[in-house]
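# Fold and contact review
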Amino acid sequence: MPIILELAELVRRRAAAGAWIIDFTNPVGIVSQALSDEGHRALGLCNVAITLQRRLAERLGVDPDRLTLDHVGLNHLSWITAARVDGVDRLP
């Protein structure tokens, strides 16, 4: 974490006023929290949702654009509550 916070301080000093740090690291939740705790404007991103959507679409034999997922939770700690293909929940 010290290196991440050091880099964030460089961003604070060199970037435009109000710039955001986009955090795409692991563990995203812990890193984003540390950045936030130190007063940095940071947004944490996780690829679990899109990866799960694509894998589930493949398993269902449909194009990923036709599959809509309802998620609850955050990042790696999330659950799918519905998997809709053309509006029909296929999760059950």
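Per chain, the residues get numbers from 1 upward, laid out in the order the sequence is written. It should be noted that, the model being predicted, local features are given only for residues of pLDDT at least 70 and side-chain atom pairs only at 80 or more, the latter also being counted only at that level, while totals for whole chains, interfaces and linings use all residues. Only hydrogens and water are set aside when side-chain values are computed; all heavy atoms of the structure are taken into account.

### So, the nonpolar core
Residue types Ala, Val, Leu, Ile, Met, Phe, Trp, Tyr and Cys, when buried and joined through side-chain atoms within 4.5 Å, form a set referred to as a nonpolar core. For each residue, the accessible area found with a 1.4 Å probe, counting protein chains only, is set against the maximum for its type, and the residue is called buried under 20%, exposed over 50%, and partly exposed in between. Counting six residues, the largest nonpolar core is built from Ala 57, Val 62, Leu 67, Leu 69, Ala 83 and Val 85. Secondary structure elements are defined from DSSP: runs of H or I of at least 4 residues count as helices, runs of E of at least 2 residues count as strands, and each element is numbered from the N terminus. Counting residues per element, the ones that place at least two in this core are strand E3 (67-74) and strand E4 (77-85). Whether two residues touch is decided by their heavy atoms; if any such pair falls within 4.5 Å, the residues are in contact. The contacts of Leu 67, once residues within four sequence positions are left out, are Gln 53, Leu 56, Ala 57, Leu 60, Ala 83, Arg 84 and Val 85.

### A word on the sheet that holds strand E5 (residues 88-89)
In space, the three strands of this open sheet follow the order E3-E4-E5, with antiparallel pairing throughout. Edge positions in the sheet fall to E3 and E5, since each of these pairs with one other strand and no more. What makes two strands pair is DSSP finding at least two bridges between them. Note that E4 and E5 share two bridges and pair antiparallel. Pairing of Val 85 across the sheet is with Val 88, part of E5. For helices, the axis comes from a line fit to the C-alpha atoms of the stretch in contact; other axes are also lines fit to C-alpha atoms, and the angle between any two N-to-C directions lies between 0 and 180 degrees. Helix H3 (residues 48-60) rests against E3 and E4 of the sheet, and its axis sits at about 140° to E3.

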